[in-house]
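# Examining the three-dimensional arrangement
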Amino acid sequence: MEKVIGIDLGTTNSCVAIVENGTPVVIPNRGGYKTTPSMVAVTEAGKRLVGHIAKRQAITNAENTVYAAKRLIGRKWNSPQVKNAVATSSYRIVEGPHNDVRIVLRDKEFSVPEISAMVLQEMKVIAEDYLGETVAKAVVTVPAYFNDNQRQATKDAGEIAGLDVIRIINEPTAAALSYGFGRNIEKTVAVYDFGGGTFDISILEIGAHGVFKVIATAGDTFLGGEDIDARIIDWLVSGFKEEHGIDLRQDRMALQRLKDAAEKAKCELSSVRETEVNLPFIISSGRNEALHLQRTLTRQTLEELSDDLIERTVDICKQTLEDAKLGKDEIEEVVLVGGMTRMPKIQQSVQSFFEKEPNKGVHPDEVVALGAAIQGAALVDDKQEMVLLDVTPHALGIMTFGSYFEELIPQNTTVPTHRTKIFTTSRDNQTAVKILVMQGESQRAEENELLGEFILTGLRRAPKGQIEIEVTFEINADGIVSVRAKDLETGLEQSIQVTATSGLTREEIKTMMDNAKDDLVDRRTSEEFEAAKQEAEKLIGEIEKLFPQVQQIVASSDFGRDAIEKAKAIVDKARAAIERKDAAAVKEQIEGLTRTHRMFKGVVAKT
Ligand code: AMP
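Structure report, in brief. (Residues numbered from 1 in each chain as written. Predicted model: local features only at pLDDT ≥ 70, side-chain atom pairs only at ≥ 80, totals over all residues. Heavy atoms only, no water.)

### A closer look at the sheet that holds strand β8 (residues 92-95)
What counts here: Strands were regarded as paired on the criterion that DSSP finds at least two bridges between them. Elements are defined by DSSP. Helices are runs of H or I of four residues or more, strands are runs of E of two residues or more, and each kind is numbered from the N terminus. Here an angle of 0 to 180 degrees is reported between the N-to-C directions of two axes, which are lines fitted to C-alpha atoms, with helices fitted over the stretch in contact. Whether two residues are in contact is decided by their heavy atoms, any of which lying within 4.5 Å being enough.
One open sheet accounts for three strands, arranged β8-β9-β10; its pairing is antiparallel. Edge positions in the sheet fall to β8 and β10 (108-111), since each has one partner strand and no second. The mean angle between the axes of side-by-side strands here comes to 40 degrees, regardless of whether they run parallel or antiparallel. Where β8 lies against strand β9 (residues 101-105), four bridges are found, and the strand directions are antiparallel. Bridging across to β9, isoleucine 93 finds its partner in isoleucine 103. With respect to the sheet, helix α3 (residues 112-131) is in contact with β9 and β10, its orientation differing from that of β10 by roughly 80 degrees.

### Structural notes on the packing of aromatic side chains
Put simply, the test is: Two rings belonging to Phe, Tyr or Trp (six-membered ring only in the last case) form a pair when the distance between their centres is within 6.5 Å. Interplanar angles under 30 degrees mark stacking, angles over 60 mark edge-to-face geometry, and anything in between is tilted. When accessible area is computed with a 1.4 Å probe and restricted to protein chains, residues below 20% of their type maximum are described as buried, those above 50% as exposed, and intermediate ones as partly exposed. The criterion is that NZ of a Lys, or CZ of an Arg, lies within 6 Å of the ring centre and within 35 degrees of the ring normal, and then a charge sits over that ring.
This model, assessed by the stated rule, comprises seven aromatic pairs. When the centroid spacing of 5.2 Å and the interplanar angle of 80 degrees are considered together, the rings of tyrosine 67 and tyrosine 91 count as edge-to-face. Residue tyrosine 67 is found in the loop between β7 (65-66) and α2 (80-88), and its partner tyrosine 91 is found in the loop between α2 and β8; the two are separated by 24 residues along the sequence. Of the two residues, tyrosine 67 and tyrosine 91, neither departs from the other in class, the shared state being buried. Of the aromatic side chains, those joined through ring pairs into one cluster are Tyr192, Phe194 and Phe199. The ring of tyrosine 179 is capped by arginine 183, whose NZ or CZ atom sits 4.4 Å from the centre of that ring.

### Some details on the pairing of strand β1 (residues 4-9)
Every regular strand shows the same layout, with side chains that alternate between the two sheet faces. Burial within β1 is extensive, with six of its six residues counted as buried. Of the two faces of β1, the one holding Val4, Gly6 and Asp8 and the one holding Ile5, Ile7 and Leu9 are both buried throughout. By the bridge criterion, five bridges tie β1 to strand β11 (residues 137-142) in an arrangement that is parallel. Directly across from glycine 6, in β11, lies its bridge partner valine 139. Pairing analysis gives four bridges linking β1 to strand β2 (residues 13-20), with the strands arranged antiparallel. Its bridge partner being in β2, isoleucine 7 is matched across the sheet by valine 16.

Right, dumping it as structure tokens:
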């Protein structure tokens, strides 16, 4: 049977899984990790790096390293979310030719689907390495709250990566599939999914014979772990400013180091009550003196900093239960998904809201990819008994006279579905009508997302209100929307399949597919450099950890001051070689770094 992989394309990390002999398994990457950072970078030499390799060099190459691209996928340039990302990202985001978003890496513009395609391609390669055969088909997951444009853009990304995305499914639905798979249970479950960039909640009914029915879903595509990291960064930056009068945000490299440290501290605080944020040589003072950042963050402070964000997720849960017309007591199981659900405060908040302990049996980082793999296998295996009934996350309708939004398919309607409504002309002698297909919850059309438009012409000239036009919306199992308008008098008909605009034309996707093929070579040839770099960075880290102590010793003893200068020079040289991606030069510096490290350790040990 044909192999179909399931990919959880996450904001922060991605994960790939497959069903093998009836059992869903996560496929580890070559480093042995079950998740891969959704990060992409372009080196000075023009090489593309994806995953852990990209993450490891993010500090030294912040401007050319993309993280959290999922927050931008399928979004319009003029959306507030994009404006926010432009202001806060360490990489450059510019306007594309179709009111879309482009990311500049080493002076070359990339579309967001193209960036996501690099991550998807990496996941494809991970699966192929493991299976020893090529993989062509995939089920990819998206947040339940993604609109059509975001879904289409994710599909485009799959295509650019050389994958046939046979189905896009919602992350919480995938999680429920994995939770319920093979257990023969009948339960109403809530899936609380708090990841790196998005928050989603879905209420599902798991019924007999593998029927998974989504009852309601909601979320916020701009609420995730990154927002909590941002709070920690703010706290560190303002503390540093108070102490030294310097704004660390002005320095991209410092900001990237802060970002890493903030996330690390946050994760540590899930298991310990306090942690030290230690960033030596974060910046130079006006007098050219190296400044260090050192602060203790407690779990309590972290909880205070993120309290309102966690509350927002609880509010969304409340709203979703109302939409589902269910009481808390009717939720029989709460499944936690996403890395952020490891934070104790989040677990407590969920428990106190639902008044029951969340299920701990699923792995929050893997459950979505496993669900996608289960769905993938079911789609190619006729013998599998599984029905997935999802809902539309947003209402669908058209714009009517006066810029009002007229809803045809309400939010949370089970798909596939179709609805029809009759409209009339709004002007005398009107011979054509323009149908603007929209998605959203606002009554004001301009506040909703425009999915597509078409014109029905050839209407008979008549006073307004006389000509009747029947509009039909249809959503198939893939979530693809088609709209038909019919002049009831003449039977004349026009229709469109709403190909949501990811911001890319077919031709552009084709060119990007061709370009993406070259990446495989790049990725696989960069390993020698990576090995040297890892070793050098480890040594640099060790040396930097010892720097403050050695500096103190220098200040109070005869220990040679020039040793410090020499050590700094070696570290700088090694960093520059890493930045240049010069494997030979990095290897050369490893010797000096090892010597320096040994000397520092010796000096510290003696005192
Ligand atoms: P996901 O999108 O599901 O991969 O979740 C990634 C998010 O979870 C990131 O913001 C991580 O920093 C966060 N995360 C991962 N592990 C932990 C942990 N142990 N404690 C708190 N947050 C975590």
